[in-house]
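Listed here are the chains, written in short residue letters.
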Amino acid sequence: MVAVVAGLGSVTYYASASEVSPASDARAVPVPAIADVIRPPAGSRQIGSFVVASGTQTYTCVVASGATTGAYTGASVPEARLTGRPGRIHHFAGPSWQSERDGSLVTATKTAANARTGTIPELLLQVATHSGSGILSRADYINRLATSGGVAPTSACAAGETVSVPYKAVYVFWDAPAA
């Protein structure tokens, strides 16, 4: 793990004492090993790392034309609260991430995945849009790492039914070097 972070030239943004109250649950979140297929660009600097304190992936049942039952085969919609030393992040549909401390907001698109048996995949996402100023305004890439849970049920379902499946992960936000 140290080699991965050192190899990327990590610099972490930490909130000052005036930005984080003593009663907050802010804590340092170690960055897990990153598979080559989902590694951010060389020279990227870590902005912050966060653990999913509570989170779900919500799936909607899709019924094929002419079928009587369906399956949860469509994309999931996240709803999660992330915590880390830089503060708290709300992760929701879009996919979007918004700092609860400063209001900065990003949306992102998946660029690569690392499949893992029995859990949702680890991801590399590229930030598509920024809003506001603050910690996330410098984010260019996001990793979802060390995933557990969140997999869609394999049971039959009726059109439009939804199910929310708990998951855990570590999210790491990266500032990529200018091209």
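Residues numbered from 1 in each chain as written. Predicted model: local features only at pLDDT ≥ 70, side-chain atom pairs only at ≥ 80, totals over all residues. Heavy atoms only, no water.

A. A look at the pairing of strand 6 (residues 122-131). As defined by bridge partners, strand 5 (residues 105-114) adjoins strand 6 across nine bridges and the pair is classed as antiparallel. Residue pairing across strands places Leu105 opposite Ser131, the latter belonging to strand 6. The sheet contact formed by strand 6 and strand 7 (residues 141-149) spans four bridges and is antiparallel. Of the residues in strand 7, the one forming a bridge with Gln126 is Tyr141. (Pairing = 2+ DSSP bridges. Helix = DSSP H or I, 4+ residues; strand = E, 2+ residues; numbered from the N terminus.)

B. Broad picture of the state of the cysteines. What the rule picks out here adds up to one disulfide. Sulfur-sulfur distance for the disulfide between Cys61 and Cys157 comes to 2.0 Å. One quick way to see it: the torsion about the S-S bond of Cys61 and Cys157 is about 85 degrees, and its sign makes the bridge right-handed. Taken together, the residues span a long stretch of sequence, with Cys61 in the loop between strand 1 (45-60) and strand 2 (77-84) and Cys157 in the loop between strand 7 and strand 8 (162-175) at a distance of 96 residues. For Cys157, a relative accessible area of 5% gives the class buried. (Disulfide = S-S within 2.5 Å. Buried < 20%, exposed > 50% of the residue type's maximum accessible area, 1.4 Å probe, protein only.)

C. Just the side chain of His91, in detail. Tracing the backbone through its elements, the reader meets His91 in strand 3 (residues 87-92). By relative accessible area, which is 3% here, His91 ends up buried. A polar contact of 2.9 Å, which involves the side chain of His91, links it to the backbone oxygen of Ser96. A distance of 3.4 Å separates the side chain of His91 from the side chain of Tyr171, its partner in a polar contact. Not counting the four nearest positions on each side in its chain, His91 is found in contact with Pro78, Glu79, Ala80, Leu82, Ser96, Trp97, Tyr167 and Tyr171. (Polar contact = N/O pair within 3.5 Å; in protein donor to acceptor, adjacent residues only side chain to side chain. Contact = heavy atoms within 4.5 Å.)

D. Main features of the nonpolar core. Formed by 26 residues in total, the largest nonpolar core has its most connected members in Leu82, Trp97, Ile142, Tyr171 and Phe173. Taken together, the elements giving at least two residues each to this core come down to strand 1, strand 2, strand 5, strand 6 and strand 8. Here this core gets five residues from one element, more than from any other, and that element is strand 8. (Core = buried A, V, L, I, M, F, W, Y, C linked by side-chain atoms within 4.5 Å.)

E. Representation of the environment of His90 in the model. Tracing the chain through its elements places His90 in strand 3. Given the relative accessible area of 18%, His90 is considered buried. Ignoring anything within four residues of it in the chain, the contact list for His90 reads Glu79, Ala80, Arg81, Ser96, Trp97, Gln98 and Glu100.

F. Spatial organisation of the packing of aromatic side chains. Using the criterion set out here, one finds three aromatic pairs in the structure. Taken together, a centroid distance of 6.4 Å and an interplanar angle of 85 degrees make the contact between Trp97 and Phe173 edge-to-face. One end of the pair, Trp97, is in strand 4 (residues 96-99); the other, Phe173, is in strand 8, with 76 residues separating them in the sequence. One aromatic cluster in this structure is built from Phe50, Trp97, Tyr171 and Phe173. (Phe/Tyr/Trp six-rings, centres within 6.5 Å; stacked < 30°, edge-to-face > 60°.)

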